[in-house]
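In case you want the letters, here they are:
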Amino acid sequence: MTDETEGGEVKEFGPEENEIMAAARAAKERKEAVANKPEPGKLSNWGIAVIGAGVGSAAVAAAVLYANRNKKRG
């Protein structure tokens, strides 16, 4: 017994597994895969550190530009 998936690949079932059991198994696998993924809105500690470094370097650049704005050239 075979089943064609969205990608066009054909999966073979065991003799005791029918289309309904295969669909239930596939749905369970997808649900478990989604449960193991981190939420996209949550940042890891490294993500927050990178954002902090970017903000800090922008603040340093702004301070240098502000300090040098009144110096006369040449």
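Thresholds applied
Residues numbered from 1 in each chain as written. Predicted model: local features only at pLDDT ≥ 70, side-chain atom pairs only at ≥ 80, totals over all residues. Heavy atoms only, no water. Helix = DSSP H or I, 4+ residues; strand = E, 2+ residues; numbered from the N terminus. Areas by Shrake-Rupley, 256 points an atom, 1.4 Å probe, with all protein chains shown as cover. Expected span 1.5 Å × (residues − 1). Polar contact = N/O pair within 3.5 Å; in protein donor to acceptor, adjacent residues only side chain to side chain. pLDDT = per-residue confidence, 0-100.

1. Quick look at the overall build of the protein chain
Logical step 1: When helices and strands are counted, the protein chain shows 2 helices and 2 strands.
Logical step 2: Mapped from its N terminus to its C terminus, the protein chain presents α and β elements in the order β-β-α-α.
Logical step 3: Entry remark: accessible area of the protein chain is about 7000 Å², with carbon and sulfur atoms responsible for 60%.

2. Some remarks on helix 1 (residues 19–36)
Logical step 1: Taking 1.5 Å per residue as the helical rise, helix 1 with its 18 residues ought to reach 26 Å, and the 26 Å between its terminal C-alpha atoms agrees with that figure.
Logical step 2: Capping of helix 1 at its N-terminal end is provided by Asn18; its side-chain oxygen lies 3.2 Å from the backbone amide nitrogen of Ile20.

3. Section: the confidence of the model for the protein chain
Logical step 1: Residues at a pLDDT of 70 or more form 68% of the protein chain, whose mean pLDDT is 77.
Logical step 2: Element-level mean pLDDT values for the protein chain span from 55 in strand 1 (residues 2–4) up to 87 in helix 2 (residues 45–67).

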